[in-house]
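Structure assessment
So you can see what is in the structure, the chains are spelled out below.
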Amino acid sequence: MRVVAKLLVVVLIIAFVRSNRNSKNDKPAPPIEPSAVIENNGVEYRLYRGVKLLDVFETLPTSAIDTLDADTRSKQHLIVVITVPLGNHKVSDLQTTFKLKNGQSFVRKWLPVNDNKNEIATGVFAVTDSVVSCSTEIKPSARK
């Protein structure tokens, strides 16, 4: 149910952004480029510093987000878009570990959407700016 609620929020945000962008008085926003792109074991991490979360949403295809996790406790954010190729494998769980400058880390567990036809899972995370690296573990489903 949480996944469905999060997806509904994402769809509403994207619809709002696109309706505002289509206004006749608005200039098109310049393309947003990630400050870094890292690939590790086939998983791609696009890191965005100093940009708004809604601006990053505009760069993503409609309905491409499986998970949205935004930590709003920090004023400085790093936005991380994680793309995980699933292939034909059934995945039960994805677990991303974010490592901080001070050596500590935190984990976010997330799931691909059940009807993901692209065979790719995409997670968007707004985390503290002190994140220096991240890695994602793919846990296969026991069901075939």
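A brief report on the enclosed structure follows.

Basis of the calculations
- Residues numbered from 1 in each chain as written.
- Predicted model: local features only at pLDDT ≥ 70, side-chain atom pairs only at ≥ 80, totals over all residues.
- Heavy atoms only, no water.
- Buried < 20%, exposed > 50% of the residue type's maximum accessible area, 1.4 Å probe, protein only.
- Pairing = 2+ DSSP bridges.
- Helix = DSSP H or I, 4+ residues; strand = E, 2+ residues; numbered from the N terminus.
- Axes fitted to C-alpha atoms, helices over the stretch in contact; angles between N-to-C directions.
- Contact = heavy atoms within 4.5 Å.
- Core = buried A, V, L, I, M, F, W, Y, C linked by side-chain atoms within 4.5 Å.

1. Things to note about unusual backbone geometry
Of all residues except glycine, most have a negative phi; of all peptide bonds, most are trans. Although it is not a glycine, Asn41 adopts a positive phi angle of roughly 55°. Relative accessible area serves as the criterion here: at 76%, Asn41 is assigned to the exposed category.

2. Digging into the sheet that holds strand 8 (residues 131-140)
Spatially, the 3 strands line up as an open sheet ordered 6-5-8, and their pairing is antiparallel. Strand pairing shows two members of the sheet lacking a second neighbour, strand 6 (105-110) and strand 8, which therefore form its edges. The average angle at which neighbouring strand axes cross in this sheet is 20°, direction not considered. Relative to strand 8, strand 5 (residues 91-100) runs antiparallel, the two being bridged by 9 bridges. Pairing of Val91 across the sheet is with Pro140, part of strand 8.

3. So, the pairing of strand 1 (residues 36-40)
In terms of strand pairing, strand 1 meets strand 2 (residues 43-49) through 5 bridges, oriented antiparallel. Counterpart to Ile38 in the pairing with strand 2 is Tyr45. Following strand 1, the chain reverses through 2 residues before pairing antiparallel with strand 2; Asn41 in that reversal takes a positive phi of roughly 55°.

4. Notes on the environment of Thr97
Examined against the element boundaries, Thr97 turns out to sit in strand 5. Residue Thr97 is classed as buried on the basis of its relative accessible area, which comes to 19%. Put simply, Thr97 and Ser133 are 36 residues apart on the chain and 8.4 Å apart in space, counted from C-alpha to C-alpha. Excluding its chain neighbours within four sequence positions, the residues that come into contact with Thr97 are Ser105, Phe106, Val107, Ser133, Cys134 and Ser135.

5. Re the nonpolar core
Judged by nonpolar contacts, the single largest core of 19 residues is most densely connected at Val80, Ile82, Val84, Phe98, Trp110, Val127 and Val131. Those elements that place two or more of their residues in this core are strand 2, strand 4 (77-85), strand 5, strand 6, strand 7 (120-128) and strand 8. Contacts of Val127, omitting those with residues within four sequence positions, involve Gln76, His77, Leu78, Val80, Phe98 and Phe106. Of all hydrophobic cores here, the second largest spans 11 residues; its members include Ile32, Phe57, Ile79 and Ala126.

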